[in-house]
Structures are given as C-alpha cells and as structure tokens.
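These are the residues of each chain, in order.
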Amino acid sequence: MASEHLGDRLSRLRRFADLTQEGLAERSGVSVDVVRKLEQRRKHSARLPTLHALAKGLGVELTSLLGDPPGVPSTGEADSPALVAVRRAIMPPLFAPPAEPTGVERLSLPLLRAELADGWTLYHAADFGRLMEVLPGIIADARLLAAVGNADQRAAGQAALGKALQLGGHLAIRLGKTDLALSALERAYAAAGESSDPLLAPMLSNSVAWAYQRQARLDDARHLAVHAADTVEREHTDTSEGVRVWGGLLMSAATSYARSDDYETANDMMVTAERAAGRLSTLPPPADGKLVSVFSRSSVRIERVRLAVQHERPEEALTLASGIRLSKDTPPSWRTWLLLDLARAHTDLGDAAGAVKTLEKLRKVAPGWMRYHTLAVAIVSDLWAGPHHPPGLRQLADFLGVAN
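Fair warning: this is a prediction, and the values are worked out from it, not measured in the lab.

(A) The arrangement of the overall build of the protein chain in detail. Along its length, the protein chain carries 21 helices and 0 strands. Taking 22 Å as the expected radius of gyration for a compact globule of 404 residues, we find that the protein chain reaches 22 Å, a close match to that expectation. Each of the three principal axes of the protein chain carries a C-alpha extent, and together these read 70 × 50 × 40 Å. Considering the protein chain as a whole, with its 404 residues, one finds that 54% of them fall into the buried category. For the protein chain, long-range pairs separated by at least 24 residues make up 67% of all intrachain contacts whose partners lie at least 6 apart in sequence. Total accessible area on the protein chain stands at roughly 18400 Å², and carbon and sulfur atoms take up 52% of it. The protein chain carries 47 positive and 47 negative side-chain charges, and their two centres are separated by 4 Å.

Structure (structure tokens):
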C-alpha cells in the first residue's frame, strides 16, 4: 500500500500547528505557491532544502514530514516486541541489580567481531527485521566482554560495545526513532572513551551528525562533522581506516551544507572527498572493513548524484552517474539509493521510459524497500500523472498503490 502523500501529510501537520498556508510560507521562507501545490497534489516532491525549511516552519522533525524511512511501514501501533527488545538492550532497566556474567567462556573477541560484521551486513542489506532479532544478543555479548578480563581485554570489549550500540543507533534512525538512536549513540560514546579504538569516537560523530540531519538540526550536524574531520585529518590519515573515517565525516558535513541550500560548498567538499578516496588504493586495506565507515570513490560519487538530484540538477546527476564504477564493498543499500536517485533525475528531465526502466531494476533488487519509500511513491505518482505511460509503468503504479 502506498505511503501517505506528502501533500496530505503537510496539510495535516500545518493544521495541527494552527497555521494557514500563508502563515507556513512566511514562517518557513517557502513560497506559498509551493505549499499550495504540494497540498493540492499538483506537486509530489520538493527539493530537500525546501523540505527542511517546511519542517522547521512546522516545528517538526524532517521524518514527520517525509514519513518513516525505508525500514518498516508506519502503522501508529505500539512498538513491536522485536523493537522493545532492541530498546531494552540499548537501555537496560534502571535500578536493576547487575546480572552475573554467564557464558563468557563461550565468547571471544574474534567471535563477537564476526557477529558485529554479520549485523552490519544485515543493516546494509536493509534486512531490518532480522537485525532486530539478533541485535539484542550482540549488544549483550559486547557488554559481557567489556566487563571481564584484564585492562586490554576490557578496552577491546568496550570498542566492540561501541560498535554494537552504533549499529543500534543506525537501525533506530532507519526505523524513524531518532531519540532512541541518540540514546544508543550517547552510550556508544561512553564505551568509546574506555575503548582501545581511537577512531571509534569520530565514527560515532558521523552517526550523531546523521541523526541530527534527520531532526533538521543542520548546524549541529555540520559543526560536529567538521570538528571530528579536522581531528582525524591531523592525527589518523596515514592509514586506510583513518582516511575512510575522515572521508565519511567530510561527506556528512557536505550533506549538511547541501541541505542548508549551500550546494556549491557541499560540492567542493565532495570533490575533495572523492580525490581523497583515491589514496585508499595506496594504503593497506582495513583489517575488517565492515566495521569502518563506508567510504570509497563510488560511495562519494553516489552521494554526489544524490545531492545533485535533491537540488534539481538532473543533467549533472546523470553525468556523475555515468562515471560510477561500483566497488565490491559498496553496500546494497547504497546501490538502491543510486537507482532511486537516477529514476528521479530521468523523471525531472521528462524521460519517463528511462525512469521506468530504472525503477524496474530497483523493484527487482529491493521490492520491500521500494514499497515503503516515500520518494519512490512520489516518482511513480509524477509519472502516472504525466501524459505518457511507457511499458511497465502500470505494474509499478499497481505495486505502489498509486494507480487510479
């Protein structure tokens, strides 16, 4: 079933805030014509800076305006038992006596790191249901290793705990639970301070910046990412791990600039990041790349395509995409985002056939992800409202529930 239309959600939130269309336009700095066209469903999407401005004018998080990110559909019901278990793992019961460590003899740091790598694989594959099932056990195992052994063993366990809680934070963001995400990341920071990994805290800064972006706290996100990137650049860019963490932070800062409608600064930072990614071929690869920030030439280029699309530069987006050579470690979730952005670019250029072909590829690789993604629904809605319906569009419109 298709998600609620952006215009319907905007109208509902505006009325809840007791604002007229003119009042929202004045408060957000967005044209009243844009507000009116969105609410009348004559416009199915808007530039991301515009959506951030509308969310700020409404006094809500961006996710409230866009709907849940691709993870689970929003039903308005209480948290599922699986999500409750994740909450309990991230935030153990208050005032409960500490449990006696059990099963430590069956655990080892390599085993725990393998569990973490598998968990991040599930995350990047958007298998959030399975991840919710296994994550509480991973966090519990990490807490156990962080509490036993000598000082070096506990420090290594704290590093694993920080990565487990970071994974919990990322999952929570994908499920639209940014407050739970920040709680998880705050606990991860505490673990990082006791850990043996000097790059863990900067990686967590990147995660927190992403959570702030979801909450439209763009200044906070940008300042955090820039500060952490400067620290890593001074001390750790002689290793591939350091370059990947630094590059990820640079991309995060660029995204915040772009969403604040400063595309030129954002693009300059992305070009710098893409050049830096070229250094990775001259350095030994990370010992375990799944536990380090996603950063490569292809990931930077994918993000550049996304920003160009979000700033209504479809020709530039398609030109950037034509030069992408996806590396083997590019997560499936990044590949699906690329296809969605290319479909948007084709639509903006009036190339309905190109958009449909791209969306058909997306449906094959990530049908569940696509079904609940508000941008996918908006693109197909735009195509369906157009004068030309190329082969395949009817099937996509039926799949997403937007056909008349």
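(B) Looking closely at the packing of aromatic side chains. A complete count under the given rule lists 2 aromatic pairs for this structure. Measuring from centroid to centroid gives 5.7 Å for Trp-120 and Tyr-123, while their planes differ by 80°, and the two rings are edge-to-face. Of this pair, Trp-120 and Tyr-123 are both found in helix H7 (residues 109-124), 3 residues apart, which corresponds to roughly one turn of the helix. For the residue pair Trp-120 and Tyr-123, the accessibility class agrees, reading buried in each case. Each residue in the set Trp-120, Tyr-123 and Phe-128 is aromatic and connected to the rest through ring pairs, giving one cluster. Positioned above the aromatic ring of Trp-337, the side-chain terminus of Arg-306 is 4.5 Å from the ring centre.

(C) The side chain of His-346, seen in detail. Structurally, the position occupied by His-346 is in helix H17 (residues 332-348). Since its relative accessible area comes to 17%, His-346 is described here as buried. Dropping the residues within four chain positions of it, His-346 is found in contact with Leu-318, Asp-351, Gly-354, Ala-355 and Thr-358.

(D) Geometry of the environment of Trp-369. On the secondary structure map, Trp-369 appears in helix H19 (residues 367-371). Once the C-alpha coordinates of Trp-369 and Glu-264 are considered, the two residues, 105 residues apart in sequence, prove to be 31 Å apart.

(E) Quick peek at the nonpolar core. Residues Leu-135, Ile-139, Leu-171, Phe-295 and Val-305 are the most contacted members of the largest nonpolar core, which totals 85 residues. One finds Leu-339, Val-356, Ala-397 and Val-402 within the second-largest nonpolar core, a separate group that totals 25 residues.

(F) Representation of the pattern of salt bridges in the model. In the structure shown here, the tally under the stated rule is 15 salt bridges. For Asp-382, the salt bridge is made with Arg-344, and the minimal N-O distance between the two is 2.8 Å. Taken together, the positions of Asp-382 in helix H20 (residues 374-385) and Arg-344 in helix H17 put the pair 38 residues apart, joining distant regions of the chain. The exposure class of Asp-382 is partly exposed, given its relative accessible area of 22%. What makes Arg-344 buried here is its relative accessible area of 7%. With a shortest N-O distance of 3.4 Å, Asp-398 and Arg-394 are connected by a salt bridge. Taken together, the residues span about one helical turn, with Asp-398 and Arg-394 both in helix H21 (residues 393-400) at a distance of 4 residues. With relative accessibility at 46%, the residue Asp-398 sits in the partly exposed group. Relative accessible area serves as the criterion here: at 39%, Arg-394 is assigned to the partly exposed category.

(G) Helix H14 (residues 263-277), seen in detail. For H14, which comprises 15 residues, the first-to-last C-alpha distance of 21 Å matches the rise-based estimate of 21 Å (1.5 Å per residue) to within 8%. Among the structural elements, helix H13 (240-259), helix H15 (297-310) and helix H16 (314-322) are those in contact with the buried residues of H14.

(H) Representation of the environment of Ala-155. Its place among the elements puts Ala-155 in helix H9 (residues 151-174). Residues Ala-155 and Ala-192 lie 37 residues apart in sequence; the distance between their C-alpha atoms is 8.8 Å. Apart from residues lying up to four places away in sequence, Ala-155 is in contact with Glu-194, Ser-195 and Ser-196.

(I) Fine view of the packing of H9 against helix H10 (residues 178-193). Packing of H9 against H10 leaves a shortest axis separation of 8 Å and a crossing angle of 170°. The angle between the axes of H9 and H10 places the two elements in the roughly antiparallel class. Along its contact with H9, which presents Gln-158, Leu-161, Gly-162, Leu-165, Gln-166, Gly-168, Gly-169, Ala-172 and Ile-173, the element H10 presents Thr-178, Leu-180, Ala-181, Ala-184, Leu-185, Arg-187, Ala-188 and Ala-191. Residues of the contact of H9 with H10, tallied by class, amount to 10 nonpolar, 6 polar and 1 charged.

(J) Up close: the confidence of the model for the protein chain. Looking at the protein chain as a whole, the pLDDT averages 87, with 93% of positions reaching at least 70. Within the protein chain, H10 carries the highest mean pLDDT (96), whereas helix H5 (residues 62-66) carries the lowest (71).

(K) Just helix H6 (residues 81-90), in detail. Within H6 the residues assigned to the buried category are Leu-83, Val-86, Ala-89 and Ile-90. Projected down its long axis, H6 shows its buried positions confined to an angular sector of 115°, all on one face. Along H6, the residues that are exposed and aim more than 90 degrees away from the buried face are Pro-81 and Arg-88. Those residues of H6 that are buried lie in contact with helix H8 (128-145), H9 and H10.

Cut-offs applied
- Residues numbered from 1 in each chain as written.
- Predicted model: local features only at pLDDT ≥ 70, side-chain atom pairs only at ≥ 80, totals over all residues.
- Heavy atoms only, no water.
- Helix = DSSP H or I, 4+ residues; strand = E, 2+ residues; numbered from the N terminus.
- Rg over C-alpha atoms; globule rule 2.2 N^0.38 Å.
- Buried < 20%, exposed > 50% of the residue type's maximum accessible area, 1.4 Å probe, protein only.
- Contact = heavy atoms within 4.5 Å.
- Areas by Shrake-Rupley, 256 points an atom, 1.4 Å probe, with all protein chains shown as cover.
- Lys, Arg positive; Asp, Glu negative; His and termini not counted.
- Charge placed at Lys NZ, Arg CZ, Asp CG, Glu CD.
- Phe/Tyr/Trp six-rings, centres within 6.5 Å; stacked < 30°, edge-to-face > 60°.
- Lys NZ or Arg CZ within 6 Å of the ring centre and 35° of its normal.
- Core = buried A, V, L, I, M, F, W, Y, C linked by side-chain atoms within 4.5 Å.
- Salt bridge = Lys/Arg side-chain N within 4 Å of Asp/Glu carboxyl O.
- Expected span 1.5 Å × (residues − 1).
- Axes fitted to C-alpha atoms, helices over the stretch in contact; angles between N-to-C directions.
- Parallel < 35°, antiparallel > 145°, perpendicular 65-115°, else oblique.
- Nonpolar A, V, L, I, M, F, W, Y, C, P; charged D, E, K, R; others polar.
- pLDDT = per-residue confidence, 0-100.
- Arc of directions from axis to C-beta.

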